[in-house]
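# Examining the three-dimensional arrangement
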Amino acid sequence: MNNETLIPKIGVVTEVRVDTPDVKTFRVVAPEGGKVFEHMPGQCAMLSIPGVGEAMFSITSSPTNQEFMEFSIKKCGCLTEWLHQMDLGQQITVRGPYGKPFPVEEELKGKNLLFIAGGIGLAPLRSVINYCRHYRDNYGTIDIIYGSRSMDDLVDYEEIQTEWCKEAGINVHLTIDREQEGWDGHVGFVPNYVKELNPDLSKTVLMCGPPIMIKFTLQGLEELGFKKEQVYTTMELRMKCGFGKCGRCNIGDKYVCKDGPVFRFDELDKLPDEY
């Protein structure tokens, strides 16, 4: 991290997309156009409305996109309530990038990848997925298992249907928790669906979602024969200040903002069971 990441930069909202009843995706550009700053998949940014507050959010657009940055934000508190009221042309401040990214250039090249997401957990993985799609020749097969409470709660559903599902070498498996009129896909919870699909053990897994989903999905993967060294996750929800001063993201001897938010699961074995 350098001093540049601590300096707020102005971002302008140029597009607002309603993904689900409580999730909106905001497209943000610099006042002169283009991205506010460069980042890598899995990194986060601090968004702020002056006078209201600030919080850390995943950058959901791929670093390969030079025209804008995107943030998919779930309405769940005071600041996000304000963010959801933003209109086109709204100015906010953005600083970053923060955190350790997914090792797309170091560890994942040449690997077969399995993305597992639940609910808004698709947001941080979307950046990685689209990065791998852009540099398609650098990666093996890509499987995506994504589930949510209902069809209406699936984030980025249009992009999934019109782009991801139609690309060679990418297999998308969607599921919702309970049966719903108009849904003819799989019904069931993500951990059970992963075991049902019985993915090949050669895959490297990138996972994000509610803690309870992660817990049982990891157990299921281990039952199938996966090792913790094959599985990555991101814990950006614990981040607050972004540079290890407030202590909110401290878990054992780790600071999520400085040592993460991306971790391999064997790196978490020595941490307390609070996560």
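Look up a bit, the structure's there.
Attention here is on the structure that accompanies the text. (Residues numbered from 1 in each chain as written. Predicted model: local features only at pLDDT ≥ 70, side-chain atom pairs only at ≥ 80, totals over all residues. Heavy atoms only, no water.)

## Topic: the overall build of the protein chain
Note the following rule: Each helix is a run of DSSP H or I of at least 4 residues and each strand a run of E of at least 2, with the numbering of both proceeding from the N terminus. To sort residues, take the accessible area from a 1.4 Å probe on protein chains only and compare it with the maximum for the residue type: under 20% means buried, over 50% means exposed, and anything in between is partly exposed. Throughout, a residue-residue contact means that at least one pair of heavy atoms, one from each residue, lies within 4.5 Å. Methods summary: accessible areas were calculated by the Shrake-Rupley approach with a probe of 1.4 Å, and residue burial reflects only the protein chains presented. His is not counted, nor are the chain ends, whereas Lys and Arg count as positive and Asp and Glu as negative. Working definition for charges: the position is that of NZ of Lys, CZ of Arg, CG of Asp or CD of Glu.
For the protein chain, the helix and strand inventory stands at six helices and 15 strands. Along the first, second and third principal axes, the C-alpha set of the protein chain runs to 50 × 45 × 35 Å. Burial statistics for the protein chain: of 275 residues in total, 52% are counted as buried. Relative to all contacts within the protein chain whose residues are 6 or more apart in sequence, the contacts with residues 24 or more apart total 70%. A total of about 12,700 Å² of accessible surface is found on the protein chain, and carbon and sulfur atoms cover 48% of it. Here the protein chain contributes 30 positive and 40 negative side-chain charges, whose respective centroids are spaced 5 Å apart.

## Describing the sheet that holds strand S15 (residues 262–264)
For sheets, the rule is that strands pair by backbone hydrogen bonds, running either parallel or antiparallel. For the record, the criterion: When DSSP finds two or more bridges between two strands, those strands count as paired. Each axis is a line fitted through C-alpha atoms, and for a helix only the stretch in contact is used; angles between axes span 0 to 180 degrees, taken between their N-to-C directions.
Taken together, seven strands build an open sheet; the order of strands is S10-S9-S8-S7-S11-S12-S15 and the sheet is mixed. Here the strands that pair on one side only, and so sit at the sheet edges, are strand S10 (186–187) and S15. Each of strand S7 (113–118), strand S8 (142–148), strand S9 (170–176), strand S11 (204–208) and strand S12 (231–234) is contacted by helix H2 (residues 122–134), which is oriented at about 155° to S7, the strand it contacts most. This element, helix H4 (residues 190–197), spans S7, S8, S9 and S10 of the sheet and lies at about 140° to S9.

## Focus: the packing of aromatic side chains
Cut-off, in case you're wondering: Note on aromatic contacts: the rings of Phe and Tyr and the six-membered ring of Trp form a pair at centre separations within 6.5 Å, being stacked when their planes are under 30 degrees apart, edge-to-face when over 60 apart, and tilted otherwise. For a lysine, the NZ atom is tested; for an arginine, the CZ atom; a charge sits over a ring if that atom is within 6 Å of the ring centre and within 35 degrees of the ring normal.
Under the criterion given, the structure shown has one aromatic pair. In this arrangement the basic side chain of Arg27 is found over the ring face of Phe68, its NZ or CZ atom lying 3.7 Å from the centre.

## Examining the pattern of salt bridges
For clarity, the threshold we go by: In the sections that follow, a salt bridge refers to a side-chain nitrogen of Lys or Arg positioned within 4 Å of a carboxyl oxygen of Asp or Glu.
If you walk through the whole model with that rule in mind, you get 21 salt bridges. Of the charged contacts, one joins Glu105 and Lys109 as a salt bridge, the two residues approaching to 2.9 Å between their closest N and O atoms. We classify Lys109 as partly exposed; its relative accessible area is 39%. For the salt bridge of Arg133 with Glu163, the shortest nitrogen-to-oxygen distance reads 3.3 Å. Of this pair, Arg133 sits in helix H2 while Glu163 sits in the loop between helix H3 (157–162) and S9, and the two are 30 residues apart along the sequence. A relative accessible area of 35% places Glu163 in the partly exposed class. Three or more residues are tied together by salt bridges with common partners; here these are Glu15, Arg17, Asp19, Arg27, Glu70, Arg126, Arg133, Asp156, Glu159, Glu163 and Glu167.

## Re the sheet that holds strand S1 (residues 9–20)
In spatial order, the strands read S4-S3-S6-S1-S2-S5; together these six strands make up an open sheet with antiparallel pairing. Looking along the sheet, the strands with just one partner apiece sit at the ends: strand S4 (53–58) and strand S5 (69–74). Adjacent strand axes in the sheet meet at a mean angle of 40° when their direction is disregarded. Here strand S3 (residues 44–49) runs beside strand S6 (residues 91–98); their pairing, made up of four bridges, is antiparallel. When the bridges of S6 are listed, Leu47 appears paired with Val94.

## Remarks on the pairing of S4
Here S3 pairs with S4 via six bridges, running antiparallel. Across the sheet, the residue bridging to Ser48 is Glu54, located in S4.

## A short note on the packing of H4 against helix H5 (residues 211–224)
What counts, and what does not: Our angle categories are set so that under 35 degrees counts as roughly parallel, over 145 as roughly antiparallel, 65 to 115 as roughly perpendicular, and the remainder as oblique. Each crossing gets its hand from how the near helix is turned against the far one by less than a right angle, where anticlockwise is left-handed and clockwise is right-handed. All residues other than Ala, Val, Leu, Ile, Met, Phe, Trp, Tyr, Cys, Pro, Asp, Glu, Lys and Arg, Gly among them, are scored as polar; the first ten of these are nonpolar and the last four charged.
Axis separation between H4 and H5 bottoms out at 8 Å; the angle between their running directions is 20°. It follows from the interaxial angle that H4 and H5 lie roughly parallel. As for how H4 packs across H5, the hand of that crossing is right-handed. Contacts from Val190, Pro191, Val194 and Lys195 of H4 reach H5 at Met213, Phe216, Thr217, Gly220, Leu221, Glu223 and Leu224. For the contact of H4 with H5, the class distribution of residues is seven nonpolar, two polar and two charged.

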